[in-house]
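Inside the fold
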Amino acid sequence: MSKLGQVVESVENYNKFVLDQVKRARTDQKFGRELMGRWNDVKAKIPVSRTPTGLPLPRLALPEIDEPGEIARYIFGEGLPGEFPYLNGVYREMYLEPVREIESFEKDKAVAAGVLPANQTKTRPARLPPQEEPTRLFSGLMLAEDTNERFHYLTQHQRTHRLSTAFDGPTLYGIDSDADGVFGKIGEGGVAIDTVEDMVRLYDGFDLGSPNFSASMTISGPAPIIMAMYIAAAKRRFGPKVVSKLRGTIQADIFKEVQAQNETIFPIEPSLRFLTDMVEFTTHEMPRWYPISISGYHIGEAGSTPVQQAAYTLSNGFAYAEMFAARGIPVDQFGPRLSFFLDCGLDAEYIALARVSRRIWAIGMRDVFGAGPKARLLKLHTQTSGRSLIAAEFKNNLTRTAAELILAYMNATNSCHSNSADEPFTTPSEEWIRLAAHGQAILLEESGIFKHTMNMLSGSPGMKAVERAVEAAILEEFREIERLGGVLAAVEERYQRSQIQNAAHRYEQQIYDGTRPIIGLNRYRDGDDEIPDVKLARTPRSKQQLQVDRLAKFKKKNAEKAKPALDKLAEVADGGENVFPALLEAAEVCSLGQITGRLQEIVGRFRPMV
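Below, the structure is looked at part by part. Note that the structure is predicted; figures quoted are calculated from it, not measured. Throughout this document, residue positions are counted from 1 along each chain, in the order its sequence is written. With pLDDT at 70 or above as the cut-off, local features in this predicted model cover only qualifying residues; side-chain atom pairs require 80 or more to be listed or tallied, and sums for whole chains, interfaces and linings still use all residues. Side-chain figures throughout are based on the complete set of non-hydrogen atoms in the structure, without hydrogens or water.

1. Here we look at the sheet that holds strand E5 (residues 213-218)
Any two strands with at least two DSSP-identified bridges between them are counted as paired. Elements are defined by DSSP. Helices are runs of H or I of four residues or more, strands are runs of E of two residues or more, and each kind is numbered from the N terminus. Spatial strand order, E3-E4-E5-E6-E7: five strands in an open sheet with parallel pairing. The strands lining the two open edges of the sheet, one partner per strand, are strand E3 (137-139) and strand E7 (289-290). One ladder, built from six bridges, connects strand E4 (residues 161-166) with E5; its direction is parallel. Of the residues in E5, the one forming a bridge with arginine 162 is serine 214. Contacts between residues were defined by any pair of non-hydrogen atoms, one from each residue, lying within 4.5 Å. What counts as an axis is a line fitted to C-alpha atoms, over the stretch in contact for a helix, and the angles between N-to-C directions run from 0 to 180 degrees. Along the sheet, helix H8 (residues 223-238) contacts E5, strand E6 (248-250) and E7; its crossing angle with E5, the most-contacted strand, is approximately 150 degrees.

2. Quick look at helix H17 (residues 461-483)
For H17, with 23 residues, the first-to-last C-alpha span of 34 Å sits near the 33 Å given by 1.5 Å per residue. Each residue is assigned to one of three classes by its accessible area relative to the maximum for its type, calculated with a 1.4 Å probe on protein chains only: buried under 20%, partly exposed between the two thresholds, exposed over 50%. Of the residues making up H17, those classed as buried are Met463, Lys464, Val466, Glu467, Val470, Glu471, Ile474, Leu475, Glu477, Phe478 and Ile481. Buried residues along H17 sit in contact with helix H1 (3-27), helix H12 (306-327), helix H14 (353-367), helix H15 (397-410), helix H18 (487-492) and helix H19 (495-513). Trailing H17 by a residue or two, glycine 485 shows a phi angle of about 110 degrees, which is positive. Expected helix span is computed as 1.5 Å times (number of residues minus one).

3. Digging into the packing of aromatic side chains
Put simply, two rings from Phe, Tyr or Trp (the six-membered ring, in Trp's case) pair if the centres are within 6.5 Å, and we call them stacked under 30 degrees between planes, edge-to-face over 60, tilted for the rest. In total, this model carries 26 aromatic pairs according to the counting rule given. Measuring from ring centre to ring centre gives 5.7 Å for phenylalanine 17 and phenylalanine 76, while their planes differ by 85 degrees; the resulting arrangement is edge-to-face. Within this pair, whereas phenylalanine 17 is found in helix H1, its partner phenylalanine 76 is found in helix H3 (residues 68-77), the two being separated by 59 residues in sequence. In this structure phenylalanine 76 comes out as buried when scored by relative accessible area, which is 18%. Ring plane angle 85 degrees and centroid distance 5.3 Å describe the contact between phenylalanine 266 and phenylalanine 274, whose orientation is recorded as edge-to-face. Each member of the aromatic cluster is reached from another via a ring pair, and the members are Phe151, Tyr203, Phe206, Phe213, Tyr230 and Trp289. When the NZ atom of lysine or the CZ atom of arginine is within 6 Å of a ring's centre and also within 35 degrees of its normal, the charge is said to sit over that ring. Positioned over the ring face of phenylalanine 369 is lysine 3, at 5.4 Å from the centre of the ring. Positioned above the aromatic ring of tyrosine 507 is the side chain of arginine 387, whose terminal nitrogen or guanidinium carbon lies 4.0 Å from the ring centre.

4. Observations concerning the packing of H15 against helix H16 (residues 430-446)
One way to put it is that H15 packs onto H16 with a least axis distance of 10 Å and a crossing angle of 40 degrees. Classified by the angle their axes make, H15 and H16 are oblique. Considering the relative orientation of H15 and H16, their crossing is right-handed. Counting all contacts with H15, which are made through Leu398, Leu405, Ile406 and Tyr409, the residues of H16 involved are Trp432, Leu435, Gly439, Gln440, Leu443 and Leu444. Each residue is assigned to one of three groups, with Ala, Val, Leu, Ile, Met, Phe, Trp, Tyr, Cys and Pro labelled nonpolar, Asp, Glu, Lys and Arg labelled charged, and all others, Gly among them, labelled polar. Grouping the amino acids of the contact of H15 with H16 by side-chain chemistry returns eight nonpolar, two polar and no charged. In these notes the angle categories are as follows: under 35 degrees is roughly parallel, over 145 is roughly antiparallel, 65 to 115 is roughly perpendicular, and the rest is oblique. By the definition used in this description, the sense in which the near helix is turned from the far one sets the handedness, with an anticlockwise turn below a right angle giving left-handed and a clockwise turn giving right-handed.

If you want it as structure tokens, here you go:
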């Protein structure tokens, strides 16, 4: 039985364990009293906050149960926030506003009663430091300085700067901007990055070593090369000591590329080797960096069902864990540095998809891989569904995204990106991207849905029903992948890709036959088929030429240093050693395309499987 088969068995065994604990709590009076005592103690210690209208609310909402069996079902089956199996969140508190030193309503009431003098402040719990905003802002357009300008625009009102970067097509495929046939793609759909100098421009003005800054880079095929350029850029600005302080993530998920997105530049096995080399280096040298974001978002965008998205993402994660452990990296070193990325659409499964994923991951990592508490946490970034954005009456996309945001935060996502309503047409404009960011601010800061109480919308009978159905369906997908020989064998059989394609076809058919209502498209359409007047973001030819000229200047300046750096990289790659230290040296003097090309001479190019 492979590791994935063991995960299925461990989840099933854990579910039996929960039922056993429920029965024990109902038959073993001593155990039942202990659970009741713990439950009452937790409830008694929950602080109370007040809404702006004066309504007292607990900072953690728990079900009103006083029967030992149901308490056991909750404690062992779900866990309190921050407790195994993390169904209700990986941290004790999320999204809550800090405890206030004094609530104005309490002070006014006490003063009026004569209990508190008007000039005296009632003692309150110590003020907590402001939590990091979960909003992660995504951008990438034209050249590095243009994206940098957008980053500064987006973060002007944020305490913490959490940036996510989109790259243009040539960069995603490890191709230089001066390559034949790519001129018109430079800076389109993302930012053009060819050299370490571009990387310096991209994050200019941001303190890369600050605990309040994190960078996310949405790239997988050439991820180790781009990662080396990011480190080189940080060292140029802040010196070598900054490396251990760098915080963020790079996507680097090769499995989802082969399964769904196609941006793979090396064959699968060398790609996985280079990824593991990077993970090994960052795990030892960069304790605050997440070297892989195991991504279901692109699987979902390619057309999968929500269950397929979660099942393939989790199974990919377990395959990576097995691979890193085989390299000799301790699970408690790499485990806490894994992160996940799911989308959030409007299907019913999204009511509980992330919650169930956290639970399965925690059980599998603990019981199959022997992971400690920190390595069991599924830390999640969520993005609202790009596939749900419709060109017809596109302003309705604001409502779609708002509903998806509520679902994402109901699932206790650790960070979130909200898509812009104009994305069916173009790279988001400042107007629509500001509205997308404001959607999260309205939900988290203006509304009281999440900032007063943890678990405000969790635990309904409907949510529990979805949780049970989703978990069973994910485990069934695991069994099929296990039957095919595991994740890599299933990839080679094109299993995941074929299932995604079938689901995508079914999704489109449902839209055309009306069984999947899309407001403004196949239902309640006003009959106006005119294309709306949306300003398109395009990279001027002058900027594209500037990128090519800069690249030529960089190559000429570093010509003498580039050759020995590339020769050393090739030697290391051919000898089977960890290539990442050589990548760090090459990134200083070589372009992305030069490095990619030399590595492809050694390991070959990716060829799609048929």
